[in-house]
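Each chain, written out:
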Amino acid sequence: MRRLCRCGQEMNFGFRLVMFENKFQIDRVPIFECDSCDFYEVLPFVKPDLLDLLNQLKQQDVKGRVYFTEVNELADVLYELFRKWTKADSVLFEAMLEQHCEERINLLLDLYGCAQKMNDENWMKEIASRLATLSKFVKERQFMGAK
Ligand SMILES: [Zn+2]
């Protein structure tokens, strides 16, 4: 999870509360931040999902705090891992991330099987969309790794 800041420093991975227009609060958003210039940016991979969520909040006029980890499967896996992780181990973090994603994908596939048996279409749809976020991420990483 390495990324360089526009000032040339290496940025840290973490989570933060992001405010939009001074009223919409989305917490536990995965970000990169720079210690030397205070710049931060949302993890590029989840940015479109974050903006989708913001649009939903605007439409429904939800003003309370919302947790991004509750609506985004990848953010949830990252957050779970981040809480157990010590900063010295960024290589380990990478390796564990893949493992955690795969475990979560397997779990969701099992759930999908249950939903299918019960013929619960809404549940199937929900699981499918949670799966889509994760498998897209895993595929993109493998693609980048293969270069
Ligand atoms: Zn910087």
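Let us look at the structure shown here. Because the structure is a prediction, the values reported are computed rather than measured.

Let's talk about the coordination of the zinc ion
Then, in step 1: The protein atoms that coordinate the zinc ion are Cys5 (SG), Cys7 (SG), Cys34 (SG) and Cys37 (SG), at distances spanning 2.3 to 2.4 Å.
Then, in step 2: In this structure, the zinc ion is surrounded by four donor atoms whose angles at the metal cover 102 to 121°, and the resulting shape is tetrahedral.
Then, in step 3: We note that the donor set of the zinc ion lies within a single chain, spaced as C-x1-C-x26-C-x2-C.
Then, in step 4: With a relative accessible area of 3%, Cys34 lands in the buried category.
Then, in step 5: Overall, Cys37 belongs to the partly exposed group, its relative accessible area being 33%.

Thoughts on helix 3 (residues 73-84)
Then, in step 1: Along its twelve residues, helix 3 runs 17 Å from first to last C-alpha, staying within 8% of the 16 Å computed at 1.5 Å per residue.
Then, in step 2: Those residues of helix 3 that sit buried are Glu73, Leu74, Ala75, Val77, Leu78, Tyr79 and Leu81.
Then, in step 3: Backbone nitrogen of Leu74 and a side-chain oxygen of the N-cap are separated by 3.2 Å at the start of helix 3; the cap is Asn72.

Digging into the pattern of salt bridges
Then, in step 1: A complete count under the given rule lists eleven salt bridges for this structure.
Then, in step 2: With its nearest N and O atoms 2.3 Å apart, the salt bridge here joins Glu41 to Arg3. Within this pair, whereas Glu41 is found in strand 3 (residues 40-42), its partner Arg3 is found in the segment before strand 1 (12-20), the two being separated by 38 residues in sequence.
Then, in step 3: Under the relative-accessibility criterion, Glu41 is labelled buried at 19%.
Then, in step 4: In this structure, the salt-bridge partner of Arg104 is Glu73, at a minimum N-O distance of 2.7 Å. Placement of the pair is Arg104 in helix 4 (residues 90-117) and Glu73 in helix 3, with a sequence separation of 31 residues. With respect to class, Arg104 is no different from Glu73; both count as buried.

Looking at the pairing of strand 2 (residues 24-33)
Then, in step 1: With seven of its ten residues buried, strand 2 lies for the most part within the structure.
Then, in step 2: Bridge count for strand 1 against strand 2 is eight bridges, and the pairing is antiparallel. In the sheet register, Phe15 faces strand 2, and the bridge partner there is Pro30.
Then, in step 3: As paired strands, strand 2 and strand 4 (residues 65-67) are joined by three bridges and run parallel to one another. Across the sheet, the residue bridging to Ile26 is Val66, located in strand 4.
Then, in step 4: Relative to strand 3, strand 2 runs antiparallel, the two being bridged by three bridges. Of the residues in strand 3, the one forming a bridge with Phe32 is Glu41.
Then, in step 5: Taking the residues that link successive antiparallel strands as the turn, the strand 2-strand 3 hairpin has six residues, and the phi of Asp38 there is positive, at about 65°.

Comments concerning the environment of Val91
Then, in step 1: Within the element layout of this structure, Val91 appears in helix 4.
Then, in step 2: Separated by 90 residues in sequence, Val91 and Met1 place their C-alpha atoms 8.4 Å apart.

What counts and how
- Residues numbered from 1 in each chain as written.
- Predicted model: local features only at pLDDT ≥ 70, side-chain atom pairs only at ≥ 80, totals over all residues.
- Heavy atoms only, no water.
- Donors = N, O, S within 2.8 Å, 3.2 Å for Na, K, Ca; no water.
- Tetrahedral: all angles 85-135°; square planar, octahedral: opposite > 155°, others 65-115°.
- Buried < 20%, exposed > 50% of the residue type's maximum accessible area, 1.4 Å probe, protein only.
- Helix = DSSP H or I, 4+ residues; strand = E, 2+ residues; numbered from the N terminus.
- Expected span 1.5 Å × (residues − 1).
- Polar contact = N/O pair within 3.5 Å; in protein donor to acceptor, adjacent residues only side chain to side chain.
- Salt bridge = Lys/Arg side-chain N within 4 Å of Asp/Glu carboxyl O.
- Pairing = 2+ DSSP bridges.

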